[in-house]
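Letter by letter, the chains look like this.
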Amino acid sequence: MTIQIGEKLPDATLYEFIHKESEGCSLGPNAFKVADLVANKKIAILALPGAYTPTCSAKHLPGFVQHAAEFKAKGVAEIWCISVNDAFVMGAWGQSQGADGVVRMMADGSAEFTQKIGMELDLTARGLGLRSQRYSMLVENGVVKQINLDPAGAFENSTAEKLLSQL
């Protein structure tokens, strides 16, 4: 069943490729518990079927990078991009999209988070395996406040502009 407004995000682990070592984060893929990351924060999430795919690279992620300052001005602590890809791919894609330090590129390589919130999309017939549906979400202290889900193959509801208008 798909997660609903008012529900708490499930326990899951996401992975982020860290390009620069810092306290508590080593160089390379680092595992993060969703519950720890969302505590006492407002998070904007965009999720998409895959890194380097046409709509994701040309429109979805770039919109959130472009409007990041507006999200921050409205109290959003972090913007996450979640995809069923590995942390290496997400890290490289984020660098190529100018997202470093702007959008956290969160890998859900085994689709754990995606399945737990009921947003999986089976693209096996197209050679892509299990992926995420395209959506945007606003989360406050781990509770879903907004969800904007796109129909399969579309990019209409999950834009940065729409989520900004809901803040």
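Residues numbered from 1 in each chain as written. Predicted model: local features only at pLDDT ≥ 70, side-chain atom pairs only at ≥ 80, totals over all residues. Heavy atoms only, no water.

**As for the overall build of the protein**
Okay, so step 1: Within the protein, the secondary structure is distributed over 6 helices and 9 strands.
Okay, so step 2: A principal-axis box enclosing the C-alpha atoms of the protein has dimensions of 40 × 35 × 30 Å.
Okay, so step 3: Going through the 167 residues of the protein one by one, you find that 48% of them count as buried.
Okay, so step 4: Contacts spanning at least 24 positions in sequence make up 63% of the contacts within the protein whose residues lie at least 6 apart.
Okay, so step 5: Separation of charge centres in the protein, based on 15 positive and 18 negative side chains, amounts to 4 Å. (Helix = DSSP H or I, 4+ residues; strand = E, 2+ residues; numbered from the N terminus. Buried < 20%, exposed > 50% of the residue type's maximum accessible area, 1.4 Å probe, protein only. Contact = heavy atoms within 4.5 Å. Lys, Arg positive; Asp, Glu negative; His and termini not counted. Charge placed at Lys NZ, Arg CZ, Asp CG, Glu CD.)

**With respect to helix 4 (residues 87-96)**
Okay, so step 1: Looking at helix 4, one finds that the buried residues are Ala-87, Met-90, Gly-91, Trp-93 and Gly-94. The arc that holds the buried residues of helix 4, viewed along the axis, is 165 degrees, so those residues lie on one side.
Okay, so step 2: On its buried face, helix 4 sits against strand 1 (13-18), strand 2 (28-33), strand 3 (42-48), helix 2 (54-66), strand 4 (78-83) and strand 5 (104-107).
Okay, so step 3: N-cap assignment for helix 4: the residue whose side-chain oxygen lies 2.9 Å from the backbone N of Phe-88 is Asp-86. (Arc of directions from axis to C-beta. Polar contact = N/O pair within 3.5 Å; in protein donor to acceptor, adjacent residues only side chain to side chain.)

**Concerning the pattern of salt bridges**
Okay, so step 1: Evaluated as defined, the whole model comprises 4 salt bridges.
Okay, so step 2: One salt bridge in this structure joins Lys-116 and Glu-112, with 3.2 Å as the shortest N-O distance. Of this pair, Lys-116 and Glu-112 both sit in helix 5 (residues 112-116), 4 residues apart, which is roughly one turn of that helix.
Okay, so step 3: Here the residues in one salt-bridge network are Glu-16, Lys-41, Glu-78 and Arg-104, joined through shared partners. (Salt bridge = Lys/Arg side-chain N within 4 Å of Asp/Glu carboxyl O.)

**A few points about the pairing of strand 1**
Okay, so step 1: Across 6 bridges, strand 1 lies against strand 2 in antiparallel orientation. Residue pairing across strands places Thr-13 opposite Lys-33, the latter belonging to strand 2. (Pairing = 2+ DSSP bridges.)

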